[in-house]
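What follows is each chain in one-letter form.
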Amino acid sequence: AAAAAAARASARPSRRTLPAELLVVRGDDGGRSGRSGAPMPFVIRQTDAIGDSYTFGNMLGKGQFGVVRRATEKATGKAYAVKSLSKRKAKTNEKFSKDVRHEVEIMFHLAGHPSVLELKEVYEDDHAVHLVMELCEGGDWFQRLVSGGTYTEDMAADIVRTMLKAIAYCHSLGVVHRDIKPENMIYVDRSEGAGVKLCDFGLSAMLPATAMAPLAEFHRAESGVDLLQDPVGTPYYVAPEVLNGQGYGRECDIWSLGVVTFISLGGYPPFNGKNQADVFYHIKYAPLSFSEATWEDISHQAKDFIRRMMEKDPAQRATVPELLQHPWLNHHAGATHEPCDAARPSLRGHVPDAVVQRLQAFSALNRFNKEARRVLAGLLPPEEVVGLLNIFKEMDTDGNGVLTLKEMQGALAKKGVKFAKEEARLMLACADINADGVIDYQEFLAATVHEQRLDKDELLFKAFQEFDTDGSGFIGREEMATAFAKHGGPKVNIDALLKEIDTDCDGRINYDEFCTCFRRHDDAASGLAGLLPTPGMPQAAALGAGAEDRIRTPAADAGHATGIP
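From a predicted model like this one, the values you see are computed outputs, not experimental measurements.

(A) Focus on the overall build of the protein chain. Of the regular secondary structure elements, the protein chain holds 22 helices and 11 strands. Residues counted as buried form 56% of the 565 residues belonging to the protein chain. For the protein chain, the exposed surface amounts to about 23500 Å²; the carbon and sulfur share of it is 52%.

Structure representation (structure tokens):
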């Protein structure tokens, strides 16, 4: 038993990171920059004081750049984890601002998936940047492994399936995590069936759509695509192509999850060594082996699943859709198993799947709700929409600020989606609020931003005021007509819309009715996102254990935004 425990413990990487010649440390130069003096400018932007909205409780974790504390939202009584990053301690580090902004932008960009840790909001004052995140108090994946030994195949398959869906969502939005490991997979609570979430995006990167293409379908290196070059990650989990220095893409996340799966069933890492250099050598050159006695009782399907994930050649490595359809996951389908949209052959490729689904779901909204979303999206701060702006710019191939039908079709074609011309036209039309035949950025943003980012009282009230031009506290028929005429578009039956939204039948829309309309229709659109016809079909209209083992960034250095066991 002691030997088994030691073997399992060896799976947790030491505090050493990648060697200097292979290492790009984001956000930590050890003070070598030698810069100090003037106070740091605002990293994100100046905001209201966090103390006005939250009451702080006990400390959950502490790191070099700051602390994680439990906090209660005064308005709702809901508990969160707040990661406060000291700006004073980072004065000597010129990359601090860039790295914190980067992680904040990525987390906002990934909002809306049930298995991705949510960043609720960000506050900043003269002393610190405060990241308000959902509170997860169930510990991380590795802690459960160490306390309970290896996982059963059913347990492992359930967790791996969940993580594959989270990774598919990240990849569909152009994000590569680059640090998939047990410590970055955290449980919501301590219950046996607790949900698990992917966290810690300090090493994540946003890639151009072409760089996110499947290697088997697109020769990136020959096409001059910008690949990731900086070798970051955690030693035992890093993919061989990351160490080879020839550039890499999203396949590195599949390898890392394969290592996690191997450890969950075998209890030890697939590639070990006397030292770190030895580990790297084995990752690059040693064959994957299941020769230890612990694998005798593990199914052939499980071993095949791991082999597919841990192909040395990333071009031969299984994709997320292929893995989600693998017999091992199907055989161990748990009660919560549901088909993943990313597994649809028609929805895998370059244009982010989540964006395609949101564009489709947008068609379920009435004209007033679309106009409201346009106003709300325009009120969001830049850090919350930079990811969607990048996607829009990539789709806008001629750079004129609007998406044409040809550009929509081109983006879908690169993605491998076989949309008929009429289907692409319908998708464009659903987001073309003013019916001018193209989609401008505000329309694209209104259609594709996740409703979670818009459903905020302060934003909804500002949007309501945009419609309530006379300041009466109500939106009347004439004000609705003015709003529709402002941007143009097809004729709207205002009386029918007013009747639908005006629940108290007084001939006007009050603030509560406005919010109810927005939330009701957004719930409907969210439900439709996974049910809409696939292309080609007829269609109508806080501190996780081992956090110190990762390559440092200041935003992550304070620890995971989770509860401490």
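Back to the text.
(B) Layout of the packing of aromatic side chains. Overall, the coordinates contain 18 aromatic pairs when judged by the stated rule. Taken together, the ring pairs in this structure connect Phe-368, Phe-461, Phe-464, Phe-467, Tyr-511 and Phe-514 into an aromatic cluster. Over the face of the ring belonging to Tyr-187 we find Arg-144, whose NZ or CZ atom lies 3.7 Å from the ring centre. Its end group placed over the ring of Phe-474, Arg-508 keeps NZ or CZ at 3.5 Å from the ring centre.

(C) Spatial organisation of the nonpolar core. Within the largest apolar cluster, 139 residues are counted, with the highest numbers of intra-cluster contacts made by Trp-141, Leu-164, Phe-368 and Phe-514. In terms of residue count, the dominant contributor to this core is helix 4 (residues 153-172) (11 residues). Those residues in contact with Phe-368 that sit more than four places away from it in its chain are Phe-467, Ile-475, Met-480, Phe-484, Leu-497, Ile-501, Ile-509, Phe-514 and Cys-517. Listed in part, the 7 residues of the second largest apolar core include Tyr-54, Tyr-80, Tyr-123 and Val-132.

(D) Structural view of the sheet that holds strand 3 (residues 79-86). Pairing is antiparallel in the open sheet, where 5 strands are placed in the order 1-2-3-5-4. Strands with a single pairing partner mark the edges of an open sheet, and in this sheet they are strand 1 (54-62) and strand 4 (119-124). Adjacent strand axes in the sheet meet at a mean angle of 25° when their direction is disregarded. Where strand 1 and strand 2 (residues 66-73) come together, 6 bridges link them in antiparallel fashion. When the bridges of strand 2 are listed, Thr-55 appears paired with Thr-72. Across the sheet, helix 2 (residues 96-109) lies against strand 3, strand 4 and strand 5 (128-134), angled at about 150° from strand 4, the strand it touches most.

(E) Unusual backbone geometry, seen in detail. Phi is positive for Arg-178, close to 75°, though the residue is something other than glycine. Looking at the secondary structure, you find Arg-178 in the loop between strand 6 (175-176) and strand 7 (185-187). The residue Ala-435 is not glycine, and still its phi comes out positive at about 55°. Within the fold, Ala-435 resides in the loop between helix 15 (421-431) and strand 11 (439-440).

(F) Spotlight on the confidence of the model for the protein chain. Chain-level statistics for the protein chain give a pLDDT mean of 76 and a share of 74% at 70 or above. Within the protein chain, the lowest mean pLDDT, 40, falls on helix 22 (residues 554-557), and the highest, 97, falls on helix 8 (residues 300-309). Counted against residues more than four places away or in other chains, residues 1-37, with its pLDDT under 50, gives 92 contacts. A low-confidence stretch, residues 216-224 stays under pLDDT 50, and its non-local contacts, those more than four residues away or across chains, total 16 contacts.

Calculation criteria
Residues numbered from 1 in each chain as written. Predicted model: local features only at pLDDT ≥ 70, side-chain atom pairs only at ≥ 80, totals over all residues. Heavy atoms only, no water. Helix = DSSP H or I, 4+ residues; strand = E, 2+ residues; numbered from the N terminus. Buried < 20%, exposed > 50% of the residue type's maximum accessible area, 1.4 Å probe, protein only. Areas by Shrake-Rupley, 256 points an atom, 1.4 Å probe, with all protein chains shown as cover. Phe/Tyr/Trp six-rings, centres within 6.5 Å; stacked < 30°, edge-to-face > 60°. Lys NZ or Arg CZ within 6 Å of the ring centre and 35° of its normal. Core = buried A, V, L, I, M, F, W, Y, C linked by side-chain atoms within 4.5 Å. Contact = heavy atoms within 4.5 Å. Pairing = 2+ DSSP bridges. Axes fitted to C-alpha atoms, helices over the stretch in contact; angles between N-to-C directions. pLDDT = per-residue confidence, 0-100.

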